Structure formats: structure tokens, C-alpha cells
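# Working through the structure, step by step
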Amino acid sequence: MDEFKTQLAAAGFSGELDDSEQAREFYSHDASLFEIKPQLIVKPKDSKDVQTLVTFVAENKKDNPWLSLTARSAGTDMSGGAVNEGLIVDFTTHFTKIEGVTKTEAHAQPGVYYRDFEKETLKHGALMPAYPASRDLCTIGGMVNNNSGGEKSLEFGKTENFVNELKVVFADGKEYTVKPLNKLELVRKMGQKDFEGQLYKKVFDLCEKHYDKIKAAKPKVTKNSMGYNLWDVWDRDTGMFHMQKLIVGSQGTLGLTTDIKYGLVPHRPHSGILVIFLRDIDRLGEIIPAVLKHKPATFESFDDATLWLSIRFLPSFLKLLGLPRFIHLLFSLIPDGLQLLHGIPKLILMVEFNGETEEEVRTKIRVLHHELKDHRVRYEINGEEEDPTELKSEKFWLMRRQSFNLLRSKVKDKHTAPFIDDLVVNPEHLTEFLPKIRKIIKKYHLLATIAGHMGDGNFHIIPLMKIEEPSERAKLLPAMKEVDELVLHYKGSLSGEHNDGLVRGPWLKQQFGAEVLGYFKEVKHIFDPENIFNPHKKSDANWDYSFSHIRQKF
Ligand SMILES: Cc1cc2nc3c(=O)[nH]c(=O)nc-3n(C[C@H](O)[C@H](O)[C@H](O)COP(=O)(O)OP(=O)(O)OC[C@H]3O[C@@H](n4cnc5c(N)ncnc54)[C@H](O)[C@@H]3O)c2cc1C
């Protein structure tokens with residue numbers, strides 16, 4: 001490796017190169033159940049470094065088949081997207097600059113943590129509303145490449161809706177601006193006699209040739225992170241060509257993102273939630289449309305297992321909140337404790353409304369509350385800093401947002417095993433679908449919480465398992481098969497937000513069929529003919545490879 005490092009430095013790469021055992025061990029994991037030790041970790045200083053790196057790898061790949069480039073930002077990917085053999089390209093060391101923010105757009109580098117990015121946008125009264133539940137841990141570059149979504153996606157959609165412009169280093173080692181083009185601009189671009197011109201021409205030809213089939217392949221749910229977003233690229237009606245939509249959600253398999261311009265929406269300062277405790281889910285079919293009719297900002301849910309988990313690990317919230325807020329939380333939990341005496345709810349639904357004024361929010365909540373009065377509905381409102389009741393709803397957000405993190409860190413002899421962690425079915429099927437899912441969970445004796453985005457029918461089921469034991473590992477494929485078949489039976493998507501990675505890449509054929517998988521393979525080949533970017537993911541995935549890299553130690 002020393003010789004390789006010397007050659008890379010001689011080629012002009014000026015960032016850090018680290019092949020220490022400690023670094024390789026650290027980068028062998030993300031938040032998924034996989035483990036792959038890379039050969040080398042590289043930390044490019046700037047875009048020029050990324051270009052040098054890509055050029056070097058592309059030129060040397062034939063003689064060194066082990067060479068590949070897998071981008072990594074915060075490494076919170078739950079699908080195995082950020083781990084690989086070859087080189088890991090870390091963007092969190094140097095790509096951390098926020099270039100500029102206005103009320104409507106923010107320009108920043110991919111390694112900026114979302115938490116820092118949001119602080120800046122809020123100074124301008126603006127927000128990028130597709131942030132994920134991992135908002136305190138992840139970066140904006142990871143969000144682009146996973147096409148992340150979260151609690152506000154019900155109203156605003158996912159990251160794909162907010163990417164105005166990207167800079168990406170493609171396989172020829174050059175950085176390009178990728179943004180929406182009108183027909184004239186597209187024709188000009190396709191006329192270029194270079195790598196970029198070829199990219200546009202070939203992708204356009206693919207989209208045009210199979211137009212109807214590609215459009216029809218888009219999963220019929222409100223959220224999807226499976227496959228490549230080919231269906232959103234070319235629109236004959238508007239004459240617009242959106243190459244950036246293909247990069248969004250591509251998990252770094254088509255190129256390396258070096259720069260991002262995100263669209264922003266006004267931050268509405270007031271919010272309030274209505275909490276609905278359901279003892280059984282029979283009436284979910286009526287409640288969901290009744291809630292959605294009122295266009296809430298978020299509509300989240302978590303189950304009784306999540307509730308028990310939060311009670312069991314209550315002391316963990318002390319560290320997270322600090323003493324005064326923790327004491328406030330304890331007091332605010334007293335009424336909920338009394339509620340529990342009447343029976344543990346099977347499902348807790350949180351409906352949030354946002355508004356310009358507190359009165360606006362209160363009115364929206366009152367109207368919905370009135371409409372749902374026959375159900376067991378609790379009513380709470382918070383209005384940010386100036387409202388003393390803020391912490392009343394914080395406890396629900398804590399349970400919803402922190403459940404996976406608590407599972408990750410607290411249950412010592414078992415580990416989170418995200419393999420059925422992000423399924424989506426149309427909410428109209430949930431009354432039927434949820435009991436069937438619970439049945440499968442029970443059949444395989446999986447200790448799992450169910451939390452998610454009720455309004456989109458997007459659920460995160462994250463079992464706790466001793467995955468290092470062969471008997472537990474043996475459950476993965478059959479359980480996954482049953483869950484995935486069920487999801488596909490209801491015409492859902494296997495991933496709404498977390499993307500394919502190693503865990504769901506092998507399921508692209510089941511999700512889309514052989515023909516559409518063929519289009520995905522063509523996309524990958526157009527962009528990355530030597531397969532240097534993040535191999536074994538997306539259309540290059542196969543289950544045997546993935547399965548052989550399941551974590552053996554923790
Ligand atoms: C507790 C927890 C909760 C989560 N909740 C959600 C959720 O609600 N919604 C959601 O969508 N996800 C969620 N996730 C998954 C993950 O946090 C998000 O997808 C996040 O946006 C990934 O960001 P990251 O910076 O960690 O990216 P990474 O994990 O580093 O990378 C993600 C993918 O993008 C690629 N990539 C990263 N940077 C670049 C780059 N510069 N160029 C090209 N490719 C790149 C990587 O190769 C990888 O395939 C959760 C994860 C955890 C641990």
C-alpha cells in the first residue's frame with residue numbers, strides 16, 4: 001500500500017491517506033448490518049483532489065481490479081451504502097464549507113453536517129424540510145445520495161425536491177455542474193464531443209426509447225429510494241431534462257458529489273401536535289384519510305414496543321436533554337403514565353401542524369380534534385420558545401426520533417439488524433398490511449419496534465438480533481423474502497428513504513422486473529463503464545456478496 005500511496009501523492013493528491021488498522025476498522029462499518037474492511041481511507045482537500053483521485057483510479061483500474069471509490073460522509077447509512085473494499089473517500093474532513101445562504105437557497109459542500117447547515121438556514125428563516133430522523137448525525141451529501149426523507153416529507157417530499165444544482169466528479173475525472181436543462185440546453189449539451197456530451201446523449205436516448213415503460217416503473221407510493229430515479233429525468237410534456245434527479249439517491253455509484261445547492265422553504269415558527277392513542281388498529285383505515293384530509297405537516301407513528309423501550313431506557317434521555325429539561329420531561333410524563341393504566345396503546349399517532357401564528361396552529365388542531373372526537377384522541381400544542389408547554393410534545397418526538405438510536409446503543413447482547421427497515425405501502429392498505437407484518441415478525445421471533453411515517457405508509461422495522469449467530473443469520477433471507485413479497489403484493493416499495501445498498505440492491509429485480517433492472521444496468525454502464533464507483537450496490541448488487549459481509553463481531 002505504501003507504493004500506491006506514493007504514486008497517488010505523485011499524481012498530485014494532496015489530502016490525507018490512511019491505511020492504519022484502526023482507520024480501516026472504523027470505516028468498515030456504517031449503521032447497517034454489514035462489515036467490509038477497505039484498503040485505504042482518503043480525505044480529499046478539495047475538488048481538484050477528487051478529480052485527481054478519480055482520474056488515477058480510472059487509469060489504474062485495469063491493472064488493479066481491487067481499486068474502487070466509495071464515498072462516505074457521516075456513515076449513518078443503514079443499507080451498507082457507505083462501506084466497501086478498495087478506497088473510502090471521506091468528505092467530512094475537508095468538504096465542510098457553507099458557501100452562502102439566502103431565504104430560498106443554500107450552497108454548501110457535501111460533508112457539512114445537517115445540524116450545522118440548519119443553524120445557518122434558520123438564521124434566514126428558512127429550512128430544507130427533507131431532513132431525516134438522523135438529522136443530528138448525518139450530512140447534506142449523504143442526504144443527496146440516499147435521497148433522504150423524514151417527518152416533513154409528507155408535506156414537502158424528499159431531498160429530490162430540493163436539489164437545485166450539484167457538482168459531481170464523473171468517471172472521466174472532471175467536475176461537472178448538474179442541473180435542470182430545457183430542451184435547447186439539452187440539445188446543446190448532447191452535441192458536445194466529450195464525456196459529458198455522451199452521458200447526456202445516452203441517458204436521453206435510453207429515456208426516450210423506453211419512455212412509457214420507464215414512467216410506469218415509478219413505484220406507486222409517495223416515497224421511494226429504490227433503483228435509479230430514471231422516471232423523473234426526462235419529461236416530454238415540459239421539455240425539461242433533470243439529470244440531477246438521477247444523481248440524487250444513486251449512493252455514489254455514478255460519481256462523487258462535491259458541491260450542493262439546496263432549495264429552501266420558509267420556516268414556519270409555530271407548531272403543535274395532536275396525539276392519538278390506538279388500542280387496536282381496526283379503525284386505522286378511517287383515521288388515516290380523516291387526518292390526511294387536513295394536510296398536516298407530519299403524521300408519524302410508533303408502536304407499543306417503542307413505548308416500552310423508551311420507558312426502559314428513560315435515564316438515557318437525561319444525557320440527551322440535560323437535567324432541567326429531563327425533569328420537565330418526567331413531570332410531563334405523569335399524565336401519560338396515568339393513561340397507560342387504562343391499557344397500553346398498540347399504536348401512537350402524532351399529527352403535527354405548522355403555522356405562522358400559534359392561533360393558526362391551534363385552530364387546525366381543534367378542527368381535526370373535533371372530527372376525531374369519537375376516537376381516543378389527546379390534544380397538545382407547542383409554540384416553540386415562548387410557549388411553556390413545548391416539552392409536552394417533545395417526549396413524543398423523543399420516542400419517535402430516538403428509538404432506533406436507543407436500540408443501537410442500549411441492548412448489550414443484541415444489535416440492531418436493519419434488513420426490513422424502510423418499507424412503504426399505500427396508507428389505504430395499512431389496516432390489512434400491519435397485522436400481516438406483525439405475524440411475520442412473530443413467526444421469525446424477531447424482537448422489533450415499528451415506527452414510521454404513517455402519512456406515507458413508510459415503516460421502519462428494526463429487529464434486535466444476535467446476528468453473529470448462524471441461526472439468527474439464517475432468518476434473514478426467508479424473513480426478508482416474506483416481508484418483501486408482502487410489500488410488493490400491495491404494490492409498495494422496499495425502501496422509502498434508506499436506499500438499496502447491500503441489503504436491498506439484490507431485490508431490484510423483484511421490485512422492478514428484469515427489463516427495468518436492465519435499464520438501471522445501462523445507466524450504471526453509461527456513467528461508470530469500469531465500475532469504479534461503489535461496486536456491489538444498486539444494479540451491481542447480489543445477495544451472496546452481501547450475505548458474506550454480514551457483521552460477525554460487534
Ligand atoms: C438513527 C438513524 C435514523 C435514520 N433515519 C433516517 C430517516 O429518517 N430518513 C432517511 O432517509 N434516512 C435515515 N437514516 C439513514 C441515514 O442517516 C440517511 O440516509 C443520511 O442522509 C445519510 O447521511 P450520511 O451523511 O450519514 O451519509 P453516508 O452514510 O456517509 O452515505 C450515504 C450514501 O451516500 C453516498 N455518499 C455520501 N457522500 C457522498 C458524496 N459526497 N458523493 C457521492 N456519494 C456520497 C455513500 O456512498 C452512501 O452510499 C437513519 C440512520 C440512523 C443511524
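Since the model is a prediction, treat every value here as computed from it, not as a measurement. (Residues numbered from 1 in each chain as written. Predicted model: local features only at pLDDT ≥ 70, side-chain atom pairs only at ≥ 80, totals over all residues. Heavy atoms only, no water.)

Time to look at the overall build of the protein chain. Secondary structure summary: the protein chain contains 22 helices and 21 strands in total. Residues classed as buried in the protein chain amount to 59% of the 554 residues present. Just so you have it, the protein chain exposes about 22,400 Å², and 54% of that area is on carbon and sulfur atoms. (Helix = DSSP H or I, 4+ residues; strand = E, 2+ residues; numbered from the N terminus. Buried < 20%, exposed > 50% of the residue type's maximum accessible area, 1.4 Å probe, protein only. Areas by Shrake-Rupley, 256 points an atom, 1.4 Å probe, with all protein chains shown as cover.)

Okay, the pattern of salt bridges next. Throughout the structure, instances matching the rule amount to 31 salt bridges. The salt bridge partner of Asp232 is Lys218, with a shortest N-O separation of 3.2 Å. Of the two residues, Asp232 is situated in the loop between α9 (211–217) and β10 (234–235) and Lys218 in the loop between α9 and β10; the sequence distance between them amounts to 14 residues. For Glu371, the salt bridge goes to Lys293, with nearest N and O atoms at 3.1 Å. Of this pair, Glu371 sits in helix α15 (residues 358–371) while Lys293 sits in the loop between α11 (284–292) and β15 (298–303), and the two are 78 residues apart along the sequence. For Glu371, a relative accessible area of 38% gives the class partly exposed. (Salt bridge = Lys/Arg side-chain N within 4 Å of Asp/Glu carboxyl O.)

Moving on, we come to the sheet that holds strand β8 (residues 163–169). Spatial ordering of the open sheet is given by β5-β6-β12-β8-β9, a layout of 5 strands whose pairing is antiparallel. Each end of this open sheet is capped by a strand with a single partner; those strands are β5 (98–101) and β9 (175–178). The sheet shows a mean angle of 15 degrees between the axes of neighbouring strands, direction not considered. With 4 bridges joining them, β8 and β9 adopt antiparallel strand pairing. The partner of Val169 across the bridge, within β9, is Glu175. (Pairing = 2+ DSSP bridges. Axes fitted to C-alpha atoms, helices over the stretch in contact; angles between N-to-C directions.)

With that out of the way, let us pick up the site of the ligand. Taken together, 34 residues surround the ligand, and among them Ala71, Ser73, Thr76, Ser134 and Thr139 come closest. Contact between the ligand and Gly81: an oxygen atom at 3.1 Å from a main-chain N or O atom of the residue. Residue Gln251 places a main-chain N or O atom 3.4 Å away from an oxygen atom belonging to the ligand. When the free accessible area of the ligand is taken as 970 Å², the share hidden by the protein chains comes to 99%. Within the residue set of the shell around the ligand, elements represented by two or more residues are β3 (69–72), α5 (140–146), β12 (256–263) and α16 (390–410). (Near = heavy atom within 4 Å. Polar contact = N/O pair within 3.5 Å; in protein donor to acceptor, adjacent residues only side chain to side chain.)

Attention shifts here to the sheet that holds β3. Read from one edge to the other, the open sheet built from 4 strands follows the order β1-β2-β4-β3, with strand pairing classed as mixed. Strand pairing shows two members of the sheet lacking a second neighbour, β1 (16–18) and β3, which therefore form its edges. When the angles between neighbouring strand axes are averaged without regard to direction, this sheet yields 25 degrees. Bridging between β1 and strand β2 (residues 40–43) involves 3 bridges; their strand directions are antiparallel. Bridge pairing links Glu16 to Lys43 in β2. Where helix α1 (residues 2–10) meets the sheet, its contacts fall on β1, β2 and β4 (87–90), and the angle it forms with β2 comes to roughly 20 degrees. (Contact = heavy atoms within 4.5 Å.)

Time to look at the side chain of Gln244. Turning to its location among the elements, Gln244 is positioned in helix α10 (residues 243–247). Of the residues examined, Gln244 reaches a relative accessible area of 3% and is grouped as buried. Dropping the residues within four chain positions of it, Gln244 is found in contact with Val163, Leu166, Val178, Lys179 and Pro180.

What follows deals with the environment of Pro129. Tracing the chain through its elements places Pro129 in the loop between β7 (126–127) and α5. Through-space distance from the C-alpha of Pro129 to that of Lys158 is 8.1 Å; in sequence the pair is 29 residues apart. Among all residues touching Pro129, those that are not within four sequence positions of it are Lys152, Ser153, Phe156, Phe162 and Val265.

Relative to the 20 Å expected for 14 residues at 1.5 Å per residue, helix α3 (residues 47–60) spans 20 Å between its end C-alpha atoms, a close match to the ideal helical length. Residues of α3 that are buried: Ser47, Asp49, Val50, Thr52, Leu53, Val54, Phe56 and Val57. (Expected span 1.5 Å × (residues − 1).)

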